[in-house]
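What follows is each chain in one-letter form.
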Amino acid sequence: MDYPVTPLAEIATKVAAARAAFAAGTTRPQAWRRETLERLRDLVTEREEQLLDALAADFGKPRFEAWTTELGYVTSDINHTLAHLSAWMQPDRVSTPLAFKPGSSHIVAEPVGVACVISPWNYPVQLLLAPMVAAIAAGNAVVGKPSELAPHSSAAVSSLIEAIGDPAVSVVQGGVAETSELLAQRFDHILYTGNSRVARIVMRAAAENLTPVTLELGGKSPAVVSRHANVNVAARRIAWGKFINAGQTCIAPDYVLVERPVHDELVAAIGKHISEFYGADPQASADYTRIVNEPHFHRLEKLLDSGKVAIGGTTDVDTRYIAPTVLTGVAVDDPVMGEEVFGPILPIIAVDSVAQAIEFIQQRAQDGDKPLALYTFSDSDAENEQVIAGTSSGGVCVNGTLLHFSNPNLPFGGIGESGMGSYHGKFGFDTFSHRRGVHERSTRIDPAMLYPPYTPKKQKMVRKGMTMLDPRDMGAKLRGALRGK
Ligand code: NAD
């Protein structure tokens, strides 16, 4: 399709208009935040058909899947935000140490200014709008940039943003040239979602203006299946999390480490569930997504040479179809283990023990490759705890896949190569806010202890007063001691 691209000369103008709106105080009042979010929510509802058509045109996203993971997600995110916004905006009162009394202290969530949100193609509606919702909720002006790799979706979501008709909420469309021009502008926060190579470009550009960044990246997210797992349920949840959106999900289980005694049972159960989900011929299923473009298709096709194809393995370049595929007998140095799969190919590696799986994951983490998500399947709480305590990842889901992402009360973000910072719910509001500490002093009395001349008496009193535990700290210390920590 002819992809509408924002003329380079207009990009600085859009950012300047957003800055002017912020400087005029337009975006600060709660009323503006609410009205803008409500308008956005209404537009998502009104344009449902148009958005679902666009997602289907780009990579055959099934309509129900597209609604739940994109439109429904954004609607629910806005509803959650509107329900809590007033509370989030309240100043947080905090205690003031005895030595600094009389006085009081609180923290104000202040908008940072003009935010920039750059998003990828795989969930092109959700991953653009959800961070924008957080930026608006926090009282900022915001400029979004959808991915050129999902052109129909990008055009549809951009037209939706333009329909808000507010220069404080705008959109830039285009590819590398346009994003580079956007990054040449000064922002007060940048949230980038995508791969770690471009994340480094974004961070370098942000450094020029000391702009804080949130980087939502990807990586190889492991699933550990213990011999004590409910193997059938684990297989079903892994198959769902892996093959939704044809594996083009940042938190999809990338590979499975399964204890040897249940390896064959797990592979067979995944095969059974693939057939239940998509029928005997997934290519004929209306519920199975296509690969986004030919370069990604060919990249994925090469990964099929790793190990042995146990399930699936068929491809069709004309429709960019890759069957839900399971690879067994995969070696750690096979190509499929060398990069994030980001497609419907699931390598399964047998391990001798859960401890060995932990060691495998930690070995990769030593090189900075900490995963975005980690899945642990066991009916033993102690074993799941062992996996969580022995590893590091952006987030964790126990006996499930993907669903930790959808709980707005959990932060969503990576660590190391999988990213930095987080959003979702209050965490998104905080990401786009400056937590400003305010200490208010009374003028009724003005103790002279801190002022020169520093007499021996003052020195003695200040040394004692400053190092003495405040009654609240004393309480915390006692509670810690009672917990045995
Ligand atoms: P992409 O190619 O669509 O790129 C993302 C954005 O970067 C686009 O808006 C694009 O225009 C821009 N971009 C590309 N090259 C650029 C350059 N040279 N300079 C400036 N901007 C540039 O998407 P992608 O990166 O292929 O996305 C897939 C990756 O994103 C995977 O690694 C996946 O795991 C990760 N991801 C992470 C999350 C998350 O929430 N953590 C969500 C989805 C995807």
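Note that the structure is predicted; figures quoted are calculated from it, not measured.

Digging into the confidence of the model for the protein chain
- Taken as a whole, the protein chain shows an average pLDDT of 96; of its residues, 99% reach a score of 70 or greater.
- Per-element averaging of pLDDT across the protein chain places helix α16 (residues 471-482) at the bottom with 89 and strand β3 (residues 114-118) at the top with 99.

Some points on a negative patch on the surface
- Where like charges cluster on the molecular surface, the negative patch consists of E35, E38, D42 and E46.
- Positionally, E38 belongs in helix α2 (residues 30-46).

Observations concerning the sheet that holds strand β5 (residues 169-171)
- With respect to topology, six strands assemble into an open sheet ordered β5-β4-β3-β6-β7-β17, the strand pairing being mixed. Strand pairing shows two members of the sheet lacking a second neighbour, β5 and β17 (419-420), which therefore form its edges.
- Here three bridges tie strand β4 (residues 141-145) to β5, and the two strands are oriented parallel to one another. Paired with V142 across the strands is V169, a residue of β5.
- Here helix α5 (residues 126-137) sits on the sheet in contact with β3, β4, β5 and β6 (189-193), set at roughly 170 degrees to β4.

A word on unusual backbone geometry
- With an omega dihedral of 0 degrees, the bond running from K101 to P102 counts as a cis peptide bond.
- Tracing the chain through its elements places P102 in the loop between β1 (92-94) and β2 (103-111).
- That bond from P452 to P453 is cis: its omega, -5 degrees, falls within 30 degrees of zero.
- Checked against the element boundaries, P453 lands in the loop between β18 (433-441) and α15 (456-467).
- One non-glycine residue with positive phi stands out, namely A246, at about 50 degrees.
- Turning to its location among the elements, A246 is positioned in the loop between α9 (231-243) and β9 (255-259).

Focus: the site of the ligand
- For the ligand, the set of nearby residues contains 27 residues, the closest of which are S147, E148, N195, L217 and E340.
- In the environment of the ligand, a nitrogen atom lies 2.7 Å from a nitrogen or oxygen atom belonging to the backbone of L217.
- In the model, an oxygen atom of the ligand is placed 2.6 Å from a nitrogen or oxygen of the E340 side chain.
- When residues are assigned to domains, the shell around the ligand turns out to be shared by domain 1 (8-217 + 424-434) and domain 2 (222-413), each giving three or more.

What to know about the sheet that holds strand β14 (residues 345-351)
- Pairing in this open sheet of seven strands is mixed, and the strands run β10-β13-β14-β9-β8-β15-β16 from one edge to the other. In the strand order of this sheet, the two ends are held by β10 (308-311) and β16 (395-398), each with one partner. Taken pair by pair, the neighbouring strands of this sheet meet at an average axis angle of 25 degrees, ignoring direction.
- By the bridge criterion, four bridges tie β9 to β14 in an arrangement that is parallel. Its bridge partner being in β14, L257 is matched across the sheet by I349.
- The strands touched by helix α12 (residues 354-366) are β8 (222-225), β9, β14 and β15 (373-377); relative to β9, the strand with the most contacts, the crossing angle is about 150 degrees.

Rules of the game
Residues numbered from 1 in each chain as written. Predicted model: local features only at pLDDT ≥ 70, side-chain atom pairs only at ≥ 80, totals over all residues. Heavy atoms only, no water. pLDDT = per-residue confidence, 0-100. Helix = DSSP H or I, 4+ residues; strand = E, 2+ residues; numbered from the N terminus. Patch = residues over 30% accessible without salt bridge, like charges linked within 9 Å, V, L, I, M, F, W, Y side chains within 5 Å. Areas by Shrake-Rupley, 256 points an atom, 1.4 Å probe, with all protein chains shown as cover. Salt bridge = Lys/Arg side-chain N within 4 Å of Asp/Glu carboxyl O. Lys, Arg positive; Asp, Glu negative; His and termini not counted. Charge placed at Lys NZ, Arg CZ, Asp CG, Glu CD. Pairing = 2+ DSSP bridges. Contact = heavy atoms within 4.5 Å. Axes fitted to C-alpha atoms, helices over the stretch in contact; angles between N-to-C directions. Near = heavy atom within 4 Å. Polar contact = N/O pair within 3.5 Å; in protein donor to acceptor, adjacent residues only side chain to side chain. Domains from an automatic or database assignment.

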